[in-house]
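Notes for the structure review
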Amino acid sequence: MGLNVIVLAKQVPDTRNVGKDAMKADGTVNRAALPAIFNPEDLNALEQALRLKDKYPGTTITILTMGPGRAADIIREGLYRGADNGYLLTDRAFAGSDTLATSYALSCALKKMSKIDLIIAGRQAIDGDTAQVGPQVAEKLGLPQVTYAEEVLSAETGKITIRRRLERGVETVEMPLPGVITVNASAPECRPRNAKLLMKFKHARTITERQNEAEDYIDLTADRPYLNIEEWSVNDIETDMNWLGLSGSPTKVKKIENVVFQAKEAKRLTPADEEMDELMKELIANHTIG
């Protein structure tokens, strides 16, 4: 049974390099000042999709992301790892969207796509840590959802079996298809790039990227349509403009604080039993443990 799987992915600022210029005056992220990476838990989600593709011949994987033009980078990254195609939802009208406006735009794009069996996303993005977009997309599309997924165990006609990890244990659940899954960071890491796929998709571009290429760039998409990354603007999907961007985002950031943790006392130990024994006695004596 081949599945049509959509992976919701996000290009996020690398929070390991957050500095004083990380936020704009209006409380939105200054993405131009930060390195951009593939959201880690979305990579976990991609791996689950790839495992379904390995297990069920005929399965296709599509990456859907919303962001500026450079977000096409993560679609290429997905192609290098085994995805089949991708869509970039990009428009100035989407700028400043919170989770509500983002999930609205994504759900409108998903409605435009052909038959979808499964939507997989990471549990949350590291730039917001809200864990809201996946569930909100499911709600807007009227689909069942399973959150905190750790592994997709099987997919049969009309249903899928999932193991999910919760705070106090693990449970196995069944969900009818089509549906939405959000995947934990405890799920298996995504496989690395495949050298053959890297060579195949290294020239994959959106139409905007092709237009901005050097004059001597040769458009290869006529003979190789798989090199075309679809690019959709707000005009390509049916939306209410009042629900997009800052105007459609009820979440307002009032204050940003830049907190820097600094190391204090440090103690270096060798693996010697005597030193470990001494440390245990010290920790018990000052009530750190025990």
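Our subject in this report is the structure included herewith. Every value quoted in this text rests on a predicted model; they were computed, and no experiment measured them. (Residues numbered from 1 in each chain as written. Predicted model: local features only at pLDDT ≥ 70, side-chain atom pairs only at ≥ 80, totals over all residues. Heavy atoms only, no water.)

**Observations regarding the pattern of salt bridges**
- Enumeration according to the criterion identifies 16 salt bridges in this entry.
- Across the pair Lys53 and Asp84 runs a salt bridge, and its minimum N-O distance is 2.9 Å. One end of the pair, Lys53, is in helix H1 (residues 40-55); the other, Asp84, is in the loop between helix H2 (72-81) and strand S5 (85-89), with 31 residues separating them in the sequence.
- We note a salt bridge from Glu209 to Arg76, for which the minimum N-O separation is 2.8 Å. Of this pair, Glu209 sits in helix H6 (residues 207-212) while Arg76 sits in helix H2; the two residues are 133 residues apart in sequence, bridging distant segments of the chain.
- With relative accessibility at 8%, the residue Arg76 sits in the buried group.
- Counted as one network, the salt bridges with shared partners bring together Glu47, Arg51, Asp54 and Arg191. (Salt bridge = Lys/Arg side-chain N within 4 Å of Asp/Glu carboxyl O. Helix = DSSP H or I, 4+ residues; strand = E, 2+ residues; numbered from the N terminus. Buried < 20%, exposed > 50% of the residue type's maximum accessible area, 1.4 Å probe, protein only.)

**Quick look at H1**
- Across its 16 residues, H1 extends 23 Å between first and last C-alpha, which sits within 8% of the 22 Å expected from 1.5 Å per residue.
- Within H1 the residues assigned to the buried category are Glu41, Asp42, Leu43, Asn44, Ala45, Leu46, Glu47, Gln48, Ala49, Leu50 and Leu52. (Expected span 1.5 Å × (residues − 1).)

**What to know about the sheet that holds strand S11 (residues 230-232)**
- If you walk across this open sheet you meet the nine strands as S9-S8-S7-S10-S6-S1-S4-S5-S11, and the pairing is mixed. Edge strands, defined here as strands with exactly one partner in the open sheet, are strand S9 (169-176) and S11. Sheet twist, expressed as the average angle between the axes of neighbouring strands with direction ignored, equals 30°.
- The pairing of strand S7 (residues 145-156) with strand S8 (residues 159-166) spans six bridges and is classified as antiparallel. Looking across to S8, one finds that Ala149 is bridged to Arg164.
- With respect to the sheet, H2 is in contact with strand S4 (60-66) and S5, its orientation differing from that of S5 by roughly 170°. (Pairing = 2+ DSSP bridges. Axes fitted to C-alpha atoms, helices over the stretch in contact; angles between N-to-C directions. Contact = heavy atoms within 4.5 Å.)

All quantities given are derived from atomic positions and should not be read as evidence of function.
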